[in-house]
Amino acid sequence: RVVLTSLGMRILPIVEEFLEQHDRLARALNQVATGTVGDLWIAANPSVASRWLAGIFREYTEKFPDVSVHATDDNSEKVLDLVASGRADIGIASVDSPSGDIDVTPILFDTFGLVCRHDHPLNSRSGRLKWAHLRGFPVIGNMTLRLLTGTEAYPYVSETRMFMSTLTSLLANVEAGVGVTVLPQKATPDNHPRLAFRKLQGPRLERTIGMVVRHGRSLSPQAAAMSEVILRRFARDLNKSPIVTRL
């Protein structure tokens, strides 16, 4: 039997407190290292944010309820800048010509098409709708049209009567009959009561939506777990392989 001396009895509470703090610290470090606690910053363009982020976040937070997730939605150019500068751990955005500061994993290909009122003459046109059919109709510019620069379709959208930087304002003006616009299909609301989406042919064009991370930097455990959730969520979209001109 071991009996503590009087000195041992005096320092026993200090040693017990030290060991308890050590155990708490070890648990906390393990949680951070395994990604079960901490912070995560993610940025996405509006079409991705509105369609997919809620489902992605639901799956992620069910597995990692103690991780604080900070989300920003902005245009793709800003999203890429946030990731390249280290202000966001992961981004999801349109990627046309990425810089060397980021690494891109394609997760979705999204077809461009016409957005107009249901009663617009172009929507009433039968058969395949071609880019040349836009000639003579006022086109409202938007941020995604820059992805068409250098393609056969660009001459038909290069001269716009006005430019809208937000999707809400853009669709409101199309709905009001101010003009038509061109958008990727996933940026267009489904089942809109007054607007129609028609795919454009000759050529058929797509944008690439990619998951982006900072080049040369290892992901934190929290970000690595989020990247796995994102890739699983979009995995079925990677299986499609239409014959198109990729942007």
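Described below are features of the structure shown in this document. (Residues numbered from 1 in each chain as written. Predicted model: local features only at pLDDT ≥ 70, side-chain atom pairs only at ≥ 80, totals over all residues. Heavy atoms only, no water.)

Attention now moves to the overall build of the protein. The helix and strand tally for the protein stands at 6 helices and 11 strands. Looking at the 247 residues of the protein, the share that counts as buried comes to 40%. Within the protein, residue pairs in contact and separated by at least 24 positions form 76% of the contacts whose partners lie at least 6 positions apart. For the protein, the exposed surface amounts to about 13600 Å²; the carbon and sulfur share of it is 52%. (Helix = DSSP H or I, 4+ residues; strand = E, 2+ residues; numbered from the N terminus. Buried < 20%, exposed > 50% of the residue type's maximum accessible area, 1.4 Å probe, protein only. Contact = heavy atoms within 4.5 Å. Areas by Shrake-Rupley, 256 points an atom, 1.4 Å probe, with all protein chains shown as cover.)

This next bit is on helix H5 (residues 167–175). Taken together, the buried positions of H5 are occupied by Leu170, Leu171, Asn173 and Val174. Down the axis of H5, the buried set is contained in an arc of 160°. They therefore lie on one face. Elements that come into contact with the buried residues of H5 comprise strand S4 (102–117), strand S6 (140–141), strand S7 (162–163), strand S8 (181–184) and strand S9 (195–201). Count one or two residues on from H5 and you reach Gly177, which has phi positive near 85°. (Arc of directions from axis to C-beta.)

In this section: the pairing of S9. Taking burial as the measure, the 7 residues of S9 include 5 buried ones, the bulk of the element. Where S4 and S9 come together, 5 bridges link them in antiparallel fashion. Residue pairing in the sheet places Gly113 in a bridge with Lys199 of S9. As paired elements, strand S5 (residues 129–130) and S9 share 2 bridges and run parallel to each other. Bridge pairing links Leu129 to Leu200 in S9. (Pairing = 2+ DSSP bridges.)

Right, let's get into the pattern of salt bridges. On inspection of all chains with the given rule, the structure shows 6 salt bridges. The partner of Asp110 in a salt bridge is Arg207, with the nearest N and O atoms 3.1 Å apart. With Asp110 in strand S4 and Arg207 in strand S10 (residues 205–214), this residue pair connects regions lying 97 residues apart in the sequence. Side by side, Asp110 and Arg207 carry an identical accessibility label, which is buried. One salt bridge connects Glu175 with Arg194, and the closest N-O pair in it is separated by 2.3 Å. With Glu175 in helix H5 and Arg194 in the loop between S8 and S9, this pair connects stretches of sequence that are 19 residues apart. Assessed through its relative accessible area of 22%, Glu175 is described here as partly exposed. (Salt bridge = Lys/Arg side-chain N within 4 Å of Asp/Glu carboxyl O.)

Attention now moves to the packing of aromatic side chains. Counted by the stated rule, this structure contains 2 aromatic pairs. On the basis of an interplanar angle of 55° and a centroid distance of 5.0 Å, the ring pair of Trp52 and Phe234 is categorised as tilted. In this pair, Trp52 sits in helix H2 (residues 46–63) while Phe234 sits in helix H6 (residues 221–238), placing the two residues 182 residues apart along the sequence. For Trp52, a relative accessible area of 7% puts it in the buried group. By relative accessible area, which is 0% here, Phe234 ends up buried. Where Tyr60 meets Phe64, the ring centres are 5.0 Å apart and the plane angle is 35°; that geometry is what we call tilted. For Tyr60, a relative accessible area of 0% translates into the label buried. (Phe/Tyr/Trp six-rings, centres within 6.5 Å; stacked < 30°, edge-to-face > 60°.)

Let's shift gears to H2. Helix length check: H2 (18 residues) gives 25 Å between terminal C-alpha atoms against 26 Å at 1.5 Å per residue, within 8%. When the local axis directions of H2 are compared, the greatest deviation, roughly 55°, occurs at Trp52. Here H2 has its buried residues at Ser47, Val48, Trp52, Leu53, Gly55, Ile56, Phe57 and Tyr60. (Expected span 1.5 Å × (residues − 1). Bend = angle between axes of the 7 residues up to and from the residue.)

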